[in-house]
Amino acid sequence: MQKTVWGMIGCGDVTEKKSGPGLYKSNGSRLKGVYNRTEAKAQDWVKRHGHGQVFATVEELLADEEITAVYIATPPATHFDYAMQVIAANKVPLIEKPMARTFAECQAILDAAKENGLPVFVSFYRRALEKFQKIKQLLDEGAIGQPQLVEIRQYQQPAPEDFHKDSLPWRLLPAAGGGKDLDIQVHVLDYLAYYFGDVTVMTGIVENRAGLYEVEDTVSASFRFANGVVGSAAWCYVADFDLDEVTIIGSEGTLVFEGTSFEWIRLIKDGETTTYTFETPEHVAMPFIQTVVDELNDQAKSPADAASAANGIRMFDLLLQDYRERYENQ
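Residues numbered from 1 in each chain as written. Predicted model: local features only at pLDDT ≥ 70, side-chain atom pairs only at ≥ 80, totals over all residues. Heavy atoms only, no water.

### Side note on the overall build of the protein chain
Stage number 1. The helix and strand inventory of the protein chain stands at ten helices and 14 strands.
Stage number 2. Viewed in the frame of its principal axes, the protein chain has a C-alpha envelope of about 55 × 50 × 40 Å.
Stage number 3. A burial count over the protein chain gives 54% of its 330 residues as buried.
Stage number 4. For the protein chain, the share of sequence-separated contacts (at least 6 apart) that also reach a separation of at least 24 residues comes to 68%.
Stage number 5. Accessible surface for the protein chain amounts to roughly 14500 Å². Of this, 47% is attributable to carbon and sulfur atoms.
Stage number 6. For the protein chain, the distance from the average site of its 31 positive side-chain charges to the average site of its 48 negative ones is 2 Å. (Helix = DSSP H or I, 4+ residues; strand = E, 2+ residues; numbered from the N terminus. Buried < 20%, exposed > 50% of the residue type's maximum accessible area, 1.4 Å probe, protein only. Contact = heavy atoms within 4.5 Å. Areas by Shrake-Rupley, 256 points an atom, 1.4 Å probe, with all protein chains shown as cover. Lys, Arg positive; Asp, Glu negative; His and termini not counted. Charge placed at Lys NZ, Arg CZ, Asp CG, Glu CD.)

See the structure below:
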């Protein structure tokens, strides 16, 4: 059986449990190389996980002919440069989300990969999880009739680290391309695009209400998907309570579920509520990584769609454009 051999760039928190083990636990998959800017951190990761060998430089990892695919697990500001290096080395990139900081960077990645005859994968792993596959099944079966409207609400209290302006996490730095929406809500819009087709229009009001950091903290957005379903989103990361909810309203019923969690769906129809529950996998990105491996090993097609992932960034570019210009002109 053909085997996908991975290299991994970056070994931060996302690689510890969520995604990294999927590279060496998936069927037909092996992790060979690990690189991190701090070599001691890579050595520690390899020692604890018992898989892979440390490469001192990215160039050495990419020069290894046995490695066929590379997982880029670094902050978004570095995604473009690493992806272009991976493609230039004729290896397949799996890029952590968001794909890049801007649509221009995303498109350049896609163009380079096409020129080299390579696929590109972006780690929108919810597409492969049981809960989100079940939602797709219910929609495809007509469980709520014709889908009409999507409502997204995510409110969060500020995290403790949000108050430390001198040591903010990457997701709150302008260099990442945007704030928590671009880190969290790209997942939600991605699987909704999986259900309804790409977002074709996106407008809204973007503000920073609390002044804790430079990127936006409060957004009201409206959008339309390719199949005509319309939607709205209210995102506030400086609220006094937490809420994570998506509602899909159809002509014959409604689906309600938490937008980013993995555990449950409620189908409300004819005055009755049916609840579906799901187990959270030990490694939540592993089912998606398995689909990527299966595609690379010519076993099955992955639900991944890099062009759709790039389009999501294009929509966020349009949504955030006015705010970014206001910030730059301050």
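The rest of the description comes next.
### Notes on the UniProt feature "domain: Gfo/Idh/MocA-like oxidoreductase N-terminal" (unreviewed entry) in the protein chain
Stage number 1. The sites that carry the UniProt feature "domain: Gfo/Idh/MocA-like oxidoreductase N-terminal" (unreviewed entry) are, in the present numbering, residues 6–123.
Stage number 2. Structurally, residues 6–123 is divided into 43% helix and 19% strand, and its ends, taken at the C-alpha atoms, are 15 Å apart. (UniProt positions renumbered as here; feature names shortened; annotations may be inferred.)

### A closer look at the pairing of strand E10 (residues 230–236)
Stage number 1. Two strands pair when backbone bridges link them, and strand E7 (residues 147–155) and E10 are joined in this way by seven bridges, in the parallel orientation. In the sheet register, Ile152 faces E10, and the bridge partner there is Ala233.
Stage number 2. As defined by bridge partners, strand E9 (residues 218–225) adjoins E10 across seven bridges and the pair is classed as antiparallel. Counterpart to Phe223 in the pairing with E10 is Gly231.
Stage number 3. Between E9 and the antiparallel strand that follows it, E10, lie four residues; Gly228 among them carries a positive phi value of about 100°. (Pairing = 2+ DSSP bridges.)

### Things to note about the nonpolar core
Stage number 1. Judged by nonpolar contacts, the single largest core of 104 residues is most densely connected at Met99, Ile152, Leu192, Trp235, Ile248 and Leu255.
Stage number 2. Here this core gets ten residues from one element, more than from any other, and that element is helix H8 (residues 180–196).
Stage number 3. Each of domain 1 (4–124) and domain 2 (130–280 + 312–329) accounts for three or more of the residues forming this core.
Stage number 4. Each residue touching Met99, except ones within four places of it in the same chain, is listed here: His79, Cys106, Ile109, Leu110, Val120, Val122, Ala306, Ala309, Ala310 and Ile313. (Core = buried A, V, L, I, M, F, W, Y, C linked by side-chain atoms within 4.5 Å. Domains from an automatic or database assignment.)

### Quick notes on the pattern of salt bridges
Stage number 1. Scanning all chains against the criterion turns up 16 salt bridges.
Stage number 2. With its nearest N and O atoms 2.8 Å apart, the salt bridge here joins Arg127 to Asp190. Placement of the pair is Arg127 in the loop between strand E6 (121–122) and helix H7 (130–140) and Asp190 in helix H8, with a sequence separation of 63 residues.
Stage number 3. Taking the relative accessible area as the measure of exposure, Arg127 reaches 4% and is therefore buried.
Stage number 4. Here Arg324 ties to Asp317 by a salt bridge, and the two come within 3.1 Å at their closest N and O atoms.
Stage number 5. Overall, Arg324 belongs to the partly exposed group, its relative accessible area being 22%.
Stage number 6. Classification of Asp317 as buried rests on a relative accessible area of 17%.
Stage number 7. One salt-bridge network, held together by shared partners, links Arg30, Lys32, Asp64 and Glu66. (Salt bridge = Lys/Arg side-chain N within 4 Å of Asp/Glu carboxyl O.)

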